[in-house]
Amino acid sequence: MGEESQPQVGKDLVTYAQASRQLAEAHLGQRDWSGLPVPVAGLNLVLEPRYKHKCLSDFRWKEFYDEHGVRHAIDEPPPPKESEFRTVNSWWNARYQVTILVVKNKQGRAQFRLLFEDRLAFTIRTLDAAAVWPVEAEKKAQEKLASLIPADAFELYMLTGHFPEISKRSGLTYLFRRGRPTIALRQNEEVNYELCALCLHPIGYYGDTWAGVMCPTDEVIAHLLMMRGSEEKFWANANQHPLDRPAAGL
Amino acid sequence: MKPHRQNQDNTMENNERPLPGIDVLNTGYGDFELRFDPNKPDEVQKAKETITDMLKRGYAIFVRQGAETFRVRKFDVDKNVYIIGSTPAEEVPIAEARATAVGRSAGG
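Keep in mind the model is a prediction, meaning the values are calculated, not measured.

What counts as what
Residues numbered from 1 in each chain as written. Chains lettered and ligands numbered in written order. Predicted model: local features only at pLDDT ≥ 70, side-chain atom pairs only at ≥ 80, totals over all residues. Helix = DSSP H or I, 4+ residues; strand = E, 2+ residues; numbered from the N terminus. Contact = placed C-beta atoms within 7 Å. Pairing = 2+ DSSP bridges. Axes fitted to C-alpha atoms, helices over the stretch in contact; angles between N-to-C directions. Nonpolar A, V, L, I, M, F, W, Y, C, P; charged D, E, K, R; others polar. Buried ≥ 20, exposed ≤ 12 C-beta atoms within 10 Å, placed from the backbone.

Counting its secondary structure elements, chain A contains 7 helices and 12 strands. If you line up chain A on its principal axes, its C-alpha atoms span 75 × 60 × 30 Å. Contacts spanning at least 24 positions in sequence make up 46% of the contacts within chain A whose residues lie at least 6 apart.

This is the structure in structure tokens:
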């Protein structure tokens with residue numbers, strides 16, 4: 001009896017990627033055409049504000065099971081202490097590679113703080129988020145991408161993880177990258193300079209990572225189609241990161 | 001409109017050309033294919049409802065016309081065409097298009 005009620009790995013207990021696939025399957029009937037984002041323990045799920053299941057941002061896992069089916073509790077992080085300071089201004093300092101914050105307390109006394117953004121931490125958190133992407137989904141997305149771009153560009157993508165395309169409208173060059181923001185450049189005979197990294201995720205993303213809720217090549221397809229079909233909306237919807245910031249992924 | 005799984009035959013009975021429809025970027029499937037047979041009124045009706053629902057929910061739908069990609073601005077339910085511009089020439093019949101839909105996007 002006791003053994004029967006024990007949850008079984010692969011049947012009752014699934015991985016993040018399996019959950020992603022099963023949720024997508026289960027919710028098709030409810031017209032969730034894009035599937036459902038899967039929250040990841042320890043990562044902040046940021047969803048498009050008007051998204052139907054926006055409340056998933058608040059979901060927190062309370063337990064997980066290891067590969068032997070043994071249950072482990074996940075402790076709630078303590079709520080952040082209320083600070084007497086509030087941020088009144090902030091900017092990125094490219095020379096020192098830090099964000100400088102100006103904060104004020106209730107008496108109006110100003111201080112400054114330094115905020116370090118760690119590229120390695122970004123990379124490690126992105127690896128954590130990658131657990132939600134089913135490998136089959138990535139393969140399917142790659143098949144789709146192959147149908148959208150020239151064969152040589154797709155080969156380049158498979159070999160290096162990125163490929164360039166020049167916009168017919170603006171003449172800008174875009175460097176589409178798997179799992180990283182798209183780089184926009186101005187390249188012609190007279191000038192050659194980079195503009196910024198464009199970060200955009202369909203439905204949502206995991207905070208302080210480069211990972212979206214969809215597999216990386218799906219995001220490349222979204223960037224490519226938006227650039228080709230609605231370039232101004234691509235720029236309007238994407239976050240524009242300076243290239244020297246960790247979020248740019250260079 | 002019926003979901004089309006990988007390795008499933010996606011051609012019409014005469015096998016002349018692939019069925020039209022929409023590929024939706026999807027968290028679990030990567031690219032989820034919804035196909036319909038333009039000769040079957042019930043499937044066309046479901047396709048119309050799906051397209052209308054997607055646009056209402058803020059999905060960006062893209063179609064190719066020649067070598068160009070366009071974002072669908074509206075959908076004409078009576079004429080069964082995607083509207084990609086402001087002139088009658090800028091209409092793409094749903095029965096001739098394989099569109100791609102992308103859910104609402106958030107900057108990261």
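What follows picks up the thread again.
To continue, consider the overall build of chain B. Helix and strand counts for chain B stand at 1 helix and 10 strands. In chain B, once contacts between residues fewer than 6 apart in sequence are set aside, the share between residues at least 24 apart is 42%.

On to the sheet that holds strand β6 (residues 74–76) of chain B, then. Within a beta sheet, neighbouring strands are joined by backbone hydrogen bonds and run either parallel or antiparallel to one another. Residues and elements named next belong to chain B. The antiparallel open sheet is built from 3 strands, whose spatial order is β6-β7-β8. The open sheet terminates on both sides in strands that have one partner only, identified here as β6 and β8 (91–93). Neighbouring strand axes in the sheet, compared pairwise and without regard to direction, differ in orientation by 30 degrees on average. Note: strand β7 (residues 81–83) against β8, 3 bridges, orientation antiparallel.

This part takes up the interface of chain A and chain B. Each side of the interface is counted separately: chain A has 47 residues, and chain B has 28 residues. Secondary structure elements with two or more residues in the side of chain A that touches chain B: α2 (16–27), β1 (45–47), α4 (135–146), β10 (192–202), β11 (204–206) and α6 (216–229) of chain A. When its residues are assigned to classes, the side of chain A that touches chain B shows 25 nonpolar, 10 polar and 12 charged.

This brings us to the pairing of strand β6 (residues 110–116) of chain A. All names here are of chain A. Within β6, only 0 of the 7 residues are buried, leaving the element largely exposed. As judged from the 7 bridges shared by strand β5 (residues 98–104) and β6, these two strands associate in the antiparallel manner. Note that in β6 the partner of Lys 104 across the bridge is Ala 110. Turn length for the β5-β6 hairpin, with the two strands adjacent in sequence and antiparallel, is 5 residues, and the turn residue Gly 108 shows positive phi of about 90 degrees.

Time to look at the sheet that holds β5(A). Residues and elements named next belong to chain A. Ordered by their spatial adjacency, 3 strands build an open sheet running β4-β5-β6, and the pairing between neighbours is antiparallel. Single-partner strands in this sheet number two, and they are β4 (86–93) and β6. This sheet shows a mean twist of 25 degrees between the axes of neighbouring strands, independent of strand direction.

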